[in-house]
Amino acid sequence: MKILLWCDDLMSRMRLESAWKAAGATVLKKKTTEVPDCIVIDLAVRNACDHIAQLRATHPQIDIIAFGPHFDGDAFKAAKDAGATELAARSSIVERVTRRMPK
């Protein structure tokens, strides 16, 4: 599984990459030309909803999972309106994506 990860926080990015790579996934960089199987975007990224809208236009068939603090309902609604297909709390994003991976 190829995951396109948009996360600017180095510690979070390293934690996510490490977990998903250990589960057998490939984590793609933002500037990749490869087509991902799934897109994961941190709502803390500057202009996250603009990026979601652009990614949705570029990859209309690919699931976009936005994650952030579980108490930020406004950010989750804005992400959904921008084209995110799924929303996850920061604490559950590793598991949420790992469950999608082929066994």
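First, a word on scope: everything that follows refers to the structure included in this document. Residue indices begin from 1 for each chain and proceed along its sequence in written order. Under the rules for a predicted model, residues below a pLDDT of 70 receive no local features and side-chain atom pairs below 80 are neither given nor counted, while totals for whole chains, interfaces and linings still include all residues. Heavy atoms from the whole structure form the basis of all side-chain values; hydrogens and water molecules are not counted.

## Topic: the environment of L28
With respect to the helices and strands, the residue L28 is situated in strand β2 (residues 26-28). Using a 1.4 Å probe on the protein chains alone, a residue whose accessible area is under 20% of its type maximum counts as buried, one over 50% counts as exposed, and one in between counts as partly exposed. Here L28 falls in the buried class, since its relative accessible area comes to 3%. Sequence separation between L28 and I3 is 25 residues; the distance between their C-alpha atoms is 5.8 Å. If sequence neighbours within four positions are ignored, L28 has contacts with K2, I3, L4, L5, R13, E34 and P36. Where helices and strands are cited, they refer to DSSP runs of H or I of at least four residues and of E of at least two residues respectively, numbered from the N terminus. Every residue pair with non-hydrogen atoms within 4.5 Å of one another is taken to be in contact.

## Quick look at helix α3 (residues 73-82)
For α3, the set of buried residues is A75, F76, A79 and A82. Take α3 and look down its axis: the buried residues cluster within an arc of 125°, on one side only. Projecting away from the buried face of α3 at angles above 90 degrees are the exposed residues D74, K77 and D81. With its phi angle positive at about 125°, G83 sits one or two positions after the end of α3. Note that the arc is defined by the directions from the helix axis to the C-beta atoms.

## Quick notes on the pairing of strand β1 (residues 2-6)
Among the five residues in β1, four count as buried, and that is most of the element. Any two strands with at least two DSSP-identified bridges between them are counted as paired. The pairing of β1 with β2 spans three bridges and is classified as parallel. Within β2, the position partnered with K2 by the bridge is T26. For crossovers, right-handed means that the path from the first strand over the helix to the second runs clockwise, given strands pointing away from the viewer. As for the winding sense of the linkage, the β-α-β connection from β1 through helix α1 (residues 10-22) to β2 is right-handed. Across four bridges, β1 lies against strand β3 (residues 38-42) in parallel orientation. Following the sheet pairing, W6 is matched in β3 by I41.

## Focus on the pairing of strand β5 (residues 86-89)
Of the strand pairs in this sheet, strand β4 (residues 63-68) and β5 are connected by four bridges, and their pairing is parallel. Bridging across to β5, A66 finds its partner in L87. Between β4 and its parallel partner β5, the chain crosses via α3, and the hand of that crossover is right-handed.

## A closer look at the side chain of S12
For S12, the location among the structural elements is in helix α1. When residues no more than four places from it in sequence are discounted, the contact partners of S12 are C7 and R90.

## So, the nonpolar core
Nonpolar cores are built from buried Ala, Val, Leu, Ile, Met, Phe, Trp, Tyr and Cys residues. Side-chain atoms within 4.5 Å join them into one set. Counting residues in hydrophobic clusters, the biggest one holds 18 residues, and the most contacted among them are I41, L43, I52, I64 and A66. Only β1, β3, α2 (48-58), β4 and α3 provide two or more residues apiece to this core. Per element, the largest residue contribution to this core is four residues, and it comes from α3. Beyond its immediate stretch of four places on either side in the chain, L43 contacts A48, I52, A66, F67, G68, A75, F76 and A79. Counting residues in hydrophobic clusters, the runner-up holds 15 residues, among them A25, V40, F67 and V97.

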